[in-house]
Amino acid sequence: MQEDLRFWGVVVKPGETVKCDPGELHYHLSQIALEDGKAKENVEVFVKTDDKRIMLCTLSVDNDPHFVTGLVFKKKFELLHSSMNSNICFTGYNFKIVERYPSIFPTSMFAK
């Protein structure tokens, strides 16, 4: 069960990265968008986790200035992009999973 949802958002500036540490929380990444204004080129957006760099999307001023996603991170991750003149905005929420009712079955009952 999810509990205590809180909005979070970060802006990643050109040539920079933002490191995120969920700690005991889970981070849900909901949307990635080009900040209005300076964007003139396509921008590749990446997440880095476990020393792996994964491309999430390509943002385009003319066609796709934002990208909707449903990624959930439980451990440290880093947000970065390819633009040298555009800010990229990341928004979502964080939450903690709380078990309100303890299981009536011991977990060893389901182990193989």
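Up top is the structure.
Cut-offs and rules
- Residues numbered from 1 in each chain as written.
- Predicted model: local features only at pLDDT ≥ 70, side-chain atom pairs only at ≥ 80, totals over all residues.
- Heavy atoms only, no water.
- Salt bridge = Lys/Arg side-chain N within 4 Å of Asp/Glu carboxyl O.
- Helix = DSSP H or I, 4+ residues; strand = E, 2+ residues; numbered from the N terminus.
- Buried < 20%, exposed > 50% of the residue type's maximum accessible area, 1.4 Å probe, protein only.
- Pairing = 2+ DSSP bridges.
- Contact = heavy atoms within 4.5 Å.
- Core = buried A, V, L, I, M, F, W, Y, C linked by side-chain atoms within 4.5 Å.
- Axes fitted to C-alpha atoms, helices over the stretch in contact; angles between N-to-C directions.

### Regarding the pattern of salt bridges
A full pass over the atoms with the stated rule returns two salt bridges. The residue Glu24 makes a salt bridge to Lys96 at a minimum N-O spacing of 3.4 Å. Placement of Glu24 in the loop between strand S2 (18-20) and strand S3 (26-34) and of Lys96 in strand S8 (residues 88-97) is noted, with a sequence separation of 72 residues between them. Classification of Glu24 as exposed rests on a relative accessible area of 63%. Notably, a salt bridge pairs Lys75 with Asp50, separated by 2.8 Å at the nearest N-O pair. One end of the pair, Lys75, is in the loop between strand S6 (66-73) and strand S7 (77-81); the other, Asp50, is in the loop between strand S4 (43-49) and strand S5 (52-59), and 25 residues separate them in sequence. We classify Asp50 as partly exposed; its relative accessible area is 49%.

### So, the pairing of S3
Each regular strand displays side chains that alternate between the two surfaces of the sheet. Of all nine residues in S3, eight are buried, a share of seventy percent or more. In this structure, S3 lies alongside S8, joined through eight bridges in antiparallel fashion. Within the sheet, the bridge partner assigned to Leu34 lies in S8 and is Ile88. Two strands pair when backbone bridges link them, and S3 and S6 are joined in this way by six bridges, in the antiparallel orientation. The residue of S6 that forms the bridge with Ile32 is Phe67.

### Thoughts on the side chain of Thr49
With respect to the helices and strands, Thr49 occurs in strand S4. Residue class for Thr49 comes out buried when judged on its relative accessible area of 16%. Apart from the residues within four sequence positions on either side, Thr49 is in contact with Lys75, Lys76 and Phe77.

### Remarks on the nonpolar core
Ranked by internal contacts, the top residues of the largest apolar core, which has 20 residues, are Ile32, Val45, Phe77, Leu79, Ile88 and Phe90. Where this core is concerned, the elements lending two or more residues are strand S1 (2-12), S3, S4, S5, S7 and S8. When residues in this core are grouped by element, the largest group, four residues, is from S3. When neighbours within four sequence positions are excluded, Phe90 is seen to be in contact with Trp8, Gly9, Val10, Val12, Leu29, Gln31, Ile32, Val45 and Leu79.

### With respect to the sheet that holds S2
The four strands lie next to each other as S2-S7-S4-S5, forming an open sheet whose pairing is antiparallel. The outermost strands of the open sheet, each flanked by one partner alone, are S2 and S5. Each adjacent strand pair in this sheet contributes to an overall mean axis angle of 20 degrees, direction not counted. Pairing geometry for S4 and S5, over seven bridges, is antiparallel. Residue pairing in the sheet places Lys48 in a bridge with Arg53 of S5.

Read these as spatial facts, not as claims about activity.
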